[in-house]
Amino acid sequence: MSRVPLPYGPKILELFRNPKNAGPMEDATVSATAGSPICGDVIAIYLKIGEGDVVERASFESYGCAANIATASLLTEMVRGRTLKEAWGISWRELTEELGGLPSIKFHCGTLAVGALRRAIRAYYEERPHPDWLPEEATLEERQALEAEELGERLSRRIGGEKG
Amino acid sequence: MSRVPLPYGPKILELFRNPKNAGPMEDATVSATAGSPICGDVIAIYLKIGEGDVVERASFESYGCAANIATASLLTEMVRGRTLKEAWGISWRELTEELGGLPSIKFHCGTLAVGALRRAIRAYYEERPHPDWLPEEATLEERQALEAEELGERLSRRIGGEKG
Amino acid sequence: MFSVEELLKAHGEPEREVYLDLENSAPVAREVLEAMLPYFAERAYGNPSITHKPGWMAYDVVQRALEEIRRHLGASRPEEINFIPGATEANNLALMGAALANRRRGRRIIVSRIEPLNVLHVALNLLRPRGFEVVEVPVDGEGFIDLDALGEAVNRETILVSISAVNHEIGTIQPLREAVELVKDKNPDAVFHTDASDAYGRIPFNVGELGVDMATVSSYKVLGPRGVAALYVGEGVEVERLLEGQLGTQRLWPGVENVPLIVGFQKASELLFRDFEGNTSHMRRLRNRLMEGLLKSIPETLLNGPRERRAPDNVNISFLGCEGEALTIELSLHGVYVSSGSACTRRLLQPSHVLTAIGRRPEEAHGSILMKVSRMYCDEDVDYVLRVLPGAVERLRGLSPLKGEGGDV
Amino acid sequence: MFSVEELLKAHGEPEREVYLDLENSAPVAREVLEAMLPYFAERAYGNPSITHKPGWMAYDVVQRALEEIRRHLGASRPEEINFIPGATEANNLALMGAALANRRRGRRIIVSRIEPLNVLHVALNLLRPRGFEVVEVPVDGEGFIDLDALGEAVNRETILVSISAVNHEIGTIQPLREAVELVKDKNPDAVFHTDASDAYGRIPFNVGELGVDMATVSSYKVLGPRGVAALYVGEGVEVERLLEGQLGTQRLWPGVENVPLIVGFQKASELLFRDFEGNTSHMRRLRNRLMEGLLKSIPETLLNGPRERRAPDNVNISFLGCEGEALTIELSLHGVYVSSGSACTRRLLQPSHVLTAIGRRPEEAHGSILMKVSRMYCDEDVDYVLRVLPGAVERLRGLSPLKGEGGDV
Ligand SMILES: Cc1ncc(COP(=O)(O)O)c(C=O)c1O
Ligand SMILES: Cc1ncc(COP(=O)(O)O)c(C=O)c1O
């Protein structure tokens, strides 16, 4: 186990203090949530999708640490004006770099935000023809989101069990 | 092993700084040495004995720590004007109390000084009739002096052996 | 990776600052610092074991400090007090040292589930792998140890019991006297250790009256300097040293005594006990204002730990639907410094083991905020916190997709 | 038992004071104290692991200090530097931690006979009883390790070697590079630790160039505050923690970092290395004046340790026919503060193990006086010591019944 460089970059602090695109979106085309309150990390992503599958607006909600809020906020800014194909291509690494870096212990915030976005994109195509750039298999970020949720389930069962 | 209260009392420091009756005595009636340079403690006691076996003068030499010098000095003051019988009766405890106490690790200084004195007294009676108050067996202080000397021998052999 | 300087610039200087994270670290009180200062270089900078003036001066200082702390703890002799470089070290020494010294008499060690990690993890990670059997005694929903379970756990094999006098996170004041009696009744040879770091100066605590065999107290927990603590070890209690080296006047920890820090610890203790009643009632009053004010003005909260029999300095509240690390940072931006039992602030996967031991679900524990007051704080500090906290909670709840979910608790 | 206050009154204030007992304790340098001061209460009093402003300030300070010490030690990354509460603790951790972490690879541990007790006694009293085989490598009459014996001692079972870079009592500068090469040639997996407390800032010392795996340096040995030290642990070297508790940023020692002391250690290091050449040549010049002056003006002396390849701050001379504790006190009365390898000052039955290891007979070791100079001293200090010491030796020799016996050495 190596020493954990805990502090955040100034950009994270700024986005935490003044997040962009915060709040639910009444007229969202699609939305999705990822994460588990038991692990302390939940991100919801709302997308308004227009002509040519372009993201017209995006917003987020976040229950989680400062990095969680900042990554979700940044992601909604990054996808705006992009096509869904382009938005899909944003990896957690790219998101993290855009933030100025994240302490390794906070990497999951990046994967969770991207995981929620990709879930929303998949949801959008559920009722539409499957585009060829959209992989069948879950990507790294989606799998990580799922794992966090399963971990939450297990924790909840274990602690519940202990109490009982 | 309990905590060692190391410091000395002010009286020890004073006697160390300005010892009384220091130095060999040219015209001593009798003298004796106790201790071992290997252990770092040697005390020589010189007695000038007069009429009625009274100690007219006493002096000391000491190779050792400050407590060693102080105890030897004090002892030469205590015996002056006393009969040898009285001088014999001074125990290491009495000497130590007179000093204002000694840290337990320095108790041997008291036994060594008294041991040297008693050796001198025994030496004095070697050529004279044995008084009835003089025990045949070695007293605690004399045995301790002997033990210190034997320890010195053993240490010297061991360290010599290691070198060889 | 980051320039922390830039982070601090981005953070900015809040209009007012109230530091309530006394659990984790504390600014040294001004009078304490003044008392320590001459001992770094001008006075008593010697080694107390060496026979020269600076050494004797140092020896004198250490003896006086031992005597002062002996008096406050109610120990019989200064030799029963041992200076150790920290409470972490003292607790490790107490557990490991007593277990190893008594291993021939038995193998069972009993701790409560809510001990600090420097007790709990010593038992679980150091002693259990060395063949000791570790029994964890559960606590109730307010953190009080289950005395029945404790009684059942003590057997003839039991060599050591360690239960904190006051819990460091939720302030529960344990029925220590009953616990000691129970243990000694079943096995008079069992050594009873208590971490009294959060009891010292906060509640009446006397090793003689309680009948404990060992007790830890920490300097920084009473606004003294970090780097020194004291371990009381009653006469006849056997403890093995953990470390080896040149011994000074402290038989249980090798190395040269840290004179300036010891002086600071002594001064901090002196200030605490100079007006114990005044200090503790001041703390209790401020704490009550803070605790009741927050519980009243903010919806969907849970008080962690008891209302009664609670240390007078401790506030621990879960703000449901808020994640604690985010709240810590949000409050920091407003100059209110606290900590959280959230998994996120602990860099572990799990939230505070104390909170889960009292039955908090992880999502409840994640929203917990721990605050402690000291005699240094005033009403205006509490007012400021009461003004800032509701808005901070509201903003974070407003960002959350889990709205209202806290409500169903 | 005694009133030390009265003892100090009886001692009195000497006309001039020269503190040369830097081996045992040191007054903190003024600039160091000034650097530390704000960190007790005004700045960075937080816990570096907590996410708020005082915590981040503390984090920043710790990282800067790690980086500074990394640079001076020649380590590759700040992660290789670990702050530990003292060099005693660091040496215990290095030996125990590496031995336990590597116990599956072998059981042999090699130390020199003249290691400090926090290395030697760890090996003999903690590791040997736990089933490790401890080999002590002898040294020659000047304290240089026997490289042939070292080479022979290293086998495939050897997991750890610990040899100080500079001996703390007699200043011998070991041929460390040769020693490391010899060990690694015979067993590349053996971990090489060196206590560099007396090398840091006194001789060129670079962990990368030397190829050592672990190195200890101590703050108080460079006029920094006591209570902090650093242990270099090269990448990939496995060390188990000795203690358990809440982990902060320092993975090898639990507990919250001691920020003010870390700042002091950093400042002390900075001052040392700001003018390494100037500082060391100043020390060497003063030391030579002191050492040569004493050897010339006082008959029947023995220099302990080498004349060449000797640390620039170290003087260690046996004044034959004088007992060291008495001489320490006699000098103290004149304001010259030193220590001795005499059995009497050590509260052990035996004189310094270092002196007996270089072949000094006990009666020679009893008369030894250890003095160290630092960049803070001046010619007038040396003049004063040279004026005082001959008289002190003469007075004590005058009291001794062993006159002339020292002469036959
Ligand atoms: C109850 C308790 N004991 C001991 C400690 C450790 O104290 P120190 O920092 O002095 O090692 C802590 C610190 O968090 C604590 O809360
Ligand atoms: C060579 C050496 N290493 C380590 C130490 C221990 O240092 P500290 O006092 O920082 O524990 C000493 C102290 O005497 C020493 O001489």
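Computed from a predicted model, the values in this text were never measured in an experiment.

Student: Is there a simple way to explain the interface of chain C and chain A in this structure?
Tutor: You'll often see interface size given as the accessible area lost when the parts meet. If you look at the interface, chain C gives 33 residues, while chain A gives 37 residues. Regarding the contact of chain C and chain A, the summed buried area is about 3200 Å², with carbon and sulfur atoms giving 69% of it. Connecting chain C to chain A are one salt bridge. For Lys106 of chain A, the salt bridge identified is with Glu325 of chain C, shortest N-O distance 2.8 Å. For the side of chain C that touches chain A, the elements supplying multiple residues, two or more each, are α1 (4–11), α12 (324–333), α15 (362–365) and α16 (379–399) of chain C. Considered class by class, the residues forming the side of chain C that touches chain A number 16 nonpolar, seven polar and 10 charged.

Student: Help me understand the site of ligand 2 in this model?
Tutor: Residue and element names in this part refer to chain D. Near ligand 2 there are 15 residues, and of these Glu23, Thr88, Asp195, Lys221 and Arg226 occur at the shortest range. Interatomic distance of 2.6 Å between a side-chain N/O atom of Thr88 and an oxygen atom of ligand 2. The contact in question runs from an oxygen atom of ligand 2 to an N or O atom on the side chain of Ser218, over 3.1 Å. Relative to its unbound accessible area of 390 Å², ligand 2 is 91% covered by the protein chains. With three residues, helix α5 (residues 87–101) is the largest single contributor of residues to the shell around ligand 2. Class assignment for the residues of the shell around ligand 2 results in three nonpolar, seven polar and five charged.

Student: Could you clarify how one ought to interpret the confidence of the model for chain C in this entry?
Tutor: If pLDDT is low for a region, its predicted coordinates should not be looked at in detail. Residue and element names in this part refer to chain C. Taken over all residues, the pLDDT of chain C has a mean of 95, while the share at 70 or more is 97%. Confidence drops under a pLDDT of 50 for residues 405–409, and excluding neighbours within four residues, the segment shows seven contacts in the predicted structure. For this predicted complex, the interface confidence score (ipTM) comes to 0.94, while the overall pTM stands at 0.95.

Student: I keep staring at the interface of chain C and chain D and nothing clicks. Help me out?
Tutor: Opposite the 74 residues of chain C that make contact, chain D presents 74 residues. In this assembly, chain C packs against chain D so that about 6000 Å² is buried in total across both faces, 62% of it on carbon and sulfur atoms. Summed over the three residues of chain C that lose the most area to chain D, namely Lys53, Trp56 and Glu244 of chain C, the buried surface amounts to 12% of that side. The interface formed by chain C and chain D includes six salt bridges. Glu13 of chain D is the partner of Lys53 of chain C in a salt bridge, and the nearest nitrogen-oxygen pair spans 3.1 Å. In this structure, the connection of chain C to chain D is made through 22 residue pairs in polar contact (both at pLDDT 80 or more). Of all the secondary-structure elements, those providing two or more residues to the side of chain C that touches chain D are α1, α2 (30–36), α3 (38–41), α4 (53–73), α5 (87–101), α6 (117–127), α12 and α13 (343–346) of chain C. The biggest single contributor to the side of chain C that touches chain D is α4 of chain C, with seven residues. In terms of residue class, the side of chain C that touches chain D is made up of 34 nonpolar, 25 polar and 15 charged.

Student: How do you make sense of the site of ligand 1 when you look at a structure like this?
Tutor: All names here are of chain C. Around ligand 1, the surrounding shell holds 15 residues, and the nearest of these are Glu23, Thr88, Asp195, Lys221 and Arg226. Measuring from an oxygen atom of ligand 1, one finds a side-chain N or O atom of Thr88 at 2.6 Å. Measuring from an oxygen atom of ligand 1, one finds a side-chain N or O atom of Ser218 at 3.1 Å. When isolated, ligand 1 has an accessible area of 390 Å², and the protein chains bury 91% of it. Here the shell around ligand 1 takes three residues from α5, the largest share from any one element. Here the shell around ligand 1 is composed, by residue class, of three nonpolar, seven polar and five charged.

Student: Please clarify how a negative patch on the surface should be interpreted in this entry.
Tutor: Residue and element names in this part refer to chain C. There is a patch of like negative charges on the surface, built from Asp140, Glu142, Asp146, Asp148 and Glu152. For Glu142, the position within the fold is in the loop between β4 (133–137) and α7 (147–153). What makes Glu142 partly exposed here is its relative accessible area of 37%.

Student: I'm lost on the relation of the copies chain C and chain D in this one. Help?
Tutor: Between the two chain copies there is a screw-like relation: a rotation about an axis and a shift along it. Least-squares fitting of chain C to chain D yields an RMSD of 0.0 Å, with the transformation described by 0.0 Å of translation along the axis and a rotation of 180°. Here the copies are linked by what is in effect a two-fold axis. Same-surface contact between copies: 100% of interface residues of chain C are shared with the interface of chain D.

Student: Help me understand the arrangement of the chains in this model?
Tutor: The top pair by number of contacts, from a total of five pairs of chains in contact, is chains C and D. The smallest C-alpha distance separating chain A from chain B is 39 Å, and no contact links them.

Student: Mind showing me how you'd approach the sheet that holds strand β3 (residues 54–63) of chain B here?
Tutor: The strands making up a sheet associate through hydrogen bonds between their backbones, and the pairing can be parallel or antiparallel. Residues and elements named next belong to chain B. Spatially, three strands are ordered β1-β2-β3 in an open sheet, and the strand pairing comes out antiparallel. Looking at the sheet topology across the chains shown, the edges are occupied by β1 (30–36) and β3. If you compare each strand with its neighbour and ignore which way they point, the axes differ by 15° on average. Where β1 and strand β2 (residues 41–50) come together, seven bridges link them in antiparallel fashion. Each bridged residue has a counterpart across the sheet, and for Ser36 the counterpart in β2 is Asp41. Contacts from helix α2 (residues 66–79) reach β2 and β3 within the one sheet, and its direction differs from that of β3 by about 175°. Packing against the sheet, helix α5 (residues 107–126) makes contact with β1 and β2, and its axis sits at approximately 40° to β2.

Student: So what exactly am I meant to see when it comes to the domain arrangement of chain C here?
Tutor: Residue and element names in this part refer to chain C. In terms of domain boundaries, chain C breaks down into domain 1 (4–20 + 275–394) and domain 2 (30–274). In this assembly, 29 residues from domain 1 lie in contact with 31 residues from domain 2. When domain 1 packs against domain 2, close to 2400 Å² is buried across both sides, 58% of that on carbon and sulfur atoms. Taken together, the links from domain 1 to domain 2 amount to two salt bridges. Of the charged contacts, one joins Asp313 and Arg202 as a salt bridge, the two residues approaching to 3.1 Å between their closest N and O atoms. Inspection of the domain 1/domain 2 interface yields 12 residue pairs in polar contact (both at pLDDT 80 or more). Of all elements in the fold, only α11 (276–297), β10 (314–319), α14 (353–357) and β13 (368–372) reach the threshold of two or more residues within the side of domain 1 that touches domain 2. In terms of residue class, the side of domain 1 that touches domain 2 is made up of 11 nonpolar, nine polar and nine charged.

Rules used throughout
- Residues numbered from 1 in each chain as written.
- Chains lettered and ligands numbered in written order.
- Predicted model: local features only at pLDDT ≥ 70, side-chain atom pairs only at ≥ 80, totals over all residues.
- Heavy atoms only, no water.
- Contact = heavy atoms within 4.5 Å.
- Buried area = accessible area lost by both parts, 1.4 Å probe.
- Salt bridge = Lys/Arg side-chain N within 4 Å of Asp/Glu carboxyl O.
- Helix = DSSP H or I, 4+ residues; strand = E, 2+ residues; numbered from the N terminus.
- Nonpolar A, V, L, I, M, F, W, Y, C, P; charged D, E, K, R; others polar.
- Near = heavy atom within 4 Å.
- Polar contact = N/O pair within 3.5 Å; in protein donor to acceptor, adjacent residues only side chain to side chain.
- Areas by Shrake-Rupley, 256 points an atom, 1.4 Å probe, with all protein chains shown as cover.
- pLDDT = per-residue confidence, 0-100.
- Patch = residues over 30% accessible without salt bridge, like charges linked within 9 Å, V, L, I, M, F, W, Y side chains within 5 Å.
- Lys, Arg positive; Asp, Glu negative; His and termini not counted.
- Charge placed at Lys NZ, Arg CZ, Asp CG, Glu CD.
- Buried < 20%, exposed > 50% of the residue type's maximum accessible area, 1.4 Å probe, protein only.
- Least-squares fit on C-alpha atoms with pLDDT ≥ 70 in both.
- Pairing = 2+ DSSP bridges.
- Axes fitted to C-alpha atoms, helices over the stretch in contact; angles between N-to-C directions.
- Domains from an automatic or database assignment.

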